[in-house]
Amino acid sequence: MAGESPYWNPKTETLGRDQLQALQLAKLRYQCEWAAARSPWYQRQFKEAGFEPAQLRTLDDLRRLPLLTRDQWMSSQEARPPYGELPAIGPDGAIRVHTTSGTTGRGPLRALDSRKDWAWIAEMWAYAIWGCGIRPADTAYIAFGYGSFIGFWGLHYAMEKVGVLNVPGGAQTTEARVRQIIDFGATAVASTPTYALRLAQEAALLGIDLQGSAVSRLILSGEPAGSIPQTKTLIEDLWGAKAFDTAGMTEIGTIMVFECTEQPGGTHIIEDHMIEEVIDPDTLDPLPYGESGERVVTSFGRGAIPLLRYRTSDLVCKVPAARCTCGRGFDIYEGGILGRVDDMKIVRGTNVYARGIEAIVREFPEVDEFQTVITREGTRDEITLRVECKPDWPAGQWDTLSDALHRRLALAHEGLNFRIERAGEGELPRFELKAKRTVDQREALPHAVVK
Ligand SMILES: [Zn+2]
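Residues numbered from 1 in each chain as written. Predicted model: local features only at pLDDT ≥ 70, side-chain atom pairs only at ≥ 80, totals over all residues. Heavy atoms only, no water.

*Asks:* Even after reading the chapter, I still don't get the environment of Gly-253, so can you show me in this structure?
*Replies:* Tracing the backbone shows Gly-253 in the loop between β7 (242–249) and β8 (254–258). Gly-253 sits 132 residues away from Ile-121 along the chain, and the two C-alpha atoms are 6.3 Å apart. In this structure, Gly-253 is in contact with Ile-121, Ile-150 and Arg-302, ignoring residues within four places of it in sequence. (Helix = DSSP H or I, 4+ residues; strand = E, 2+ residues; numbered from the N terminus. Contact = heavy atoms within 4.5 Å.)

*Asks:* Is there a simple way to think about the side chain of Thr-267 in this case?
*Replies:* Inspection of the secondary structure assignment puts Thr-267 in strand β9 (residues 266–269). With a relative accessible area of 1%, Thr-267 lands in the buried category. (Buried < 20%, exposed > 50% of the residue type's maximum accessible area, 1.4 Å probe, protein only.)

*Asks:* Please explain the coordination of the zinc ion as it appears in this structure.
*Replies:* Six octahedral donors around a metal ideally sit at 90 or 180 degrees from one another, while four tetrahedral donors ideally sit at 109.5 degrees. Taken together, the protein ligands of the zinc ion are Cys-260 (SG), His-268 (NE2), Cys-324 (SG) and Cys-326 (SG), with distances of 2.1 to 2.3 Å. Here the zinc ion binds four donor atoms, and the angle range of 102 to 118° at the metal identifies the geometry as tetrahedral. One chain supplies every donor to the zinc ion, and in sequence these donors are spaced C-x7-H-x55-C-x1-C. One end of the pair, His-268, is in strand β9; the other, Cys-324, is in the loop between β12 (307–319) and β13 (332–334), with 56 residues separating them in the sequence. (Donors = N, O, S within 2.8 Å, 3.2 Å for Na, K, Ca; no water. Tetrahedral: all angles 85-135°; square planar, octahedral: opposite > 155°, others 65-115°.)

*Asks:* Can you help me understand the sheet that holds strand β18 (residues 380–389) in this one?
*Replies:* Each strand in a sheet pairs with another by means of backbone hydrogen bonds, the pair being arranged parallel or else antiparallel. The strand order β19-β18-β17-β20 describes an open sheet built from four strands, whose pairing is mixed. In the strand order of this sheet, the two ends are held by β19 (418–422) and β20 (438–440), each with one partner. Ignoring strand direction, the axes of neighbouring strands in this sheet form an average angle of 20°. Sheet topology note: the strand β17 (residues 367–377)/β18 ladder contains 10 bridges and is antiparallel. By the bridge assignment, Gln-371 is partnered in β18 with Arg-386. Packing of helix α10 (residues 354–361) onto the sheet brings it into contact with β17, β18, β19 and β20, and relative to β17 it is tilted by some 140°. (Pairing = 2+ DSSP bridges. Axes fitted to C-alpha atoms, helices over the stretch in contact; angles between N-to-C directions.)

*Asks:* Would you take a moment to explain helix α5 (residues 115–131) for this structure?
*Replies:* Residues spaced three or four apart along an α-helix face the same direction, because each turn holds 3.6 residues. If you check α5, its first and last C-alpha atoms are 25 Å apart, about what 17 residues at 1.5 Å a residue would give, namely 24 Å. For α5, a buried count of 14 out of 17 residues is recorded, marking the element as mostly surrounded by other parts of the structure. (Expected span 1.5 Å × (residues − 1).)

*Asks:* How should I be thinking about empty space enclosed by the protein in this particular structure?
*Replies:* Regions of empty space are outlined by a rolling probe, equal in size to a water molecule, passed over the atoms. For the structure on display, the rule yields three cavities of 30 Å³ or more. One number sums up the size of the largest cavity: a volume of about 60 Å³. Counting residues per element, the ones that place at least two in the lining of the largest cavity are α8 (193–206) and β17. Counting residues per element, the lining of the largest cavity draws most heavily on α8, at four residues. Here the residues of the lining of the largest cavity sort into two nonpolar, two polar and six charged. Considering only enclosed or pocket space, the second largest cavity measures out at about 50 Å³ in volume. Along its surface, the second largest cavity is lined by Trp-41, Tyr-42, Gln-45, Phe-46, Leu-65, Pro-66, Leu-67, Leu-68, Gln-72 and Leu-308. When residues of the lining of the second largest cavity are assigned to their parent elements, the largest contribution, four residues, is made by helix α3 (residues 40–49). (1 Å grid on protein atoms, 1.4 Å probe; cavity = no way out; pocket = protein on both sides within 12 Å on 5 of 7 lines; lining within 4 Å. Points joined across faces, edges and corners; volume = space filled by probe spheres on them. Nonpolar A, V, L, I, M, F, W, Y, C, P; charged D, E, K, R; others polar.)

As C-alpha cells, then:
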C-alpha cells in the first residue's frame, strides 16, 4: 500500500533515545505503583528494600528495585498455591492461565492473564509480524500445539489483529501440517527453528516442493537456534523463504525482541514496552554495550503479574540501535538470544556451548539430526557428537564427514577431542518445541564435580 509505514507503531519505534527513556520512566513508575498497590509479593519486597515508586527519578533508579528470580516465583507458588503472591489480581479478574513446561524439576510456573494483558501480548507480537513485512493479504500457518504452553498463542492474536488469515495448525501430524501449508497457500509459517527443519524434512519425504510454494516468510521463536546464522541459512534454503527470529518467554507472556527486514544480525528490543538490562550474573553489576551477560527484564504491559527486574538466565549482548539502518530507535541484541547463562558445559577445562556446536554441525547439510553426549569415564570427561545423516546420503562418505566434523569442532574448542558417532536412521529424538540436544550424563552421577 502506498505510504504505508514499515513500522507497526511509527511514533514509538522511531523515538530518539531521550524521549524513549522518558516514556520508559513514566511507564516504570506506573507499573511500580500498580505493583505496590496490588501485589502482596512486591509490597513486601519493596518494604524490605526500602523502595517506594516515588524514588524513581531517573532510569538509573531502577536499580533500587530488588531482582526477582524464577526460584523466588516458584517458592511463592509453593507457599501459596496455586498462584503465589506475585499476582496483582485474583483468578476472578483473569481470563486464562498458562504454564511453563516445568523441566527444571520444580513443577511449572503458572501465569495468569487478564483480558487487557492478552491485548498487550498480541500487540507485542504485532511489532514483529508487521516489522518483517506481513500484511492483511497474507495467510499464516501456525505450526503450534495450542496447549498450556503460551508459545504462539500471542502471535495468533496478532495475526488476527493485523487482519491476516490464520490457519491454526494444532494437534496434527507433521505430514498433515505440511499438506495444509500447501493446500491453504500459506505465505507465512510460524514455528520453532527445529520444527521448521522438521517440516522441511517431511516435505522432502513427501516429494513436496517447499521452495516452489507460496511461503515467503517464516517467523521463528522458542529457541536460540533461530538466531544461529548457519541454522537460519539452512532453514531459508530449504524453504526458499526469509526467516525472522523472535524471542519471548512465559514469564512475560509474549515476545520482547524481533528481527526487522534489514536483518542487522540481531533482534530489536521492544523498548517502549520493556526495559532490558544486561548484568554480570555473578556481581549483578550492569554491563555496557558489547559485553555478554544475563538478561534482566522489566515489562510494562502485563498487569496480572507485574514483572520487575526479572532475572531470565538468558545470555545476551546488547548493541545500540544505530547498528541497524531500519530507523528504529530500539537497541539490538547482537546474535539474538545467545543461549542460557547456565548452559555452558565445561569439558576438560574447555567451555562448550550448545549454540557453538549447532553452528558447526549446520555447515554440513548431509546431517539430518544430532545430539551431544557428555560422559565421565573414570575421572576423564568425554564428549561425543552423535550424528544422523539424511536417509539418501551415501554411507561410503561417512569417514570424510566424520573427519571434517571432528576437525571443525576441535578447531573451535581449543583442540578438544570430540568423538563422532553415527546414529541409525530415526534413532535420535526429534523436537517440535524446544530442542534439547545436549545430554550431560555426568549430572546423573552421585558426586559429579563439573569443573
Ligand atoms: Zn532494524
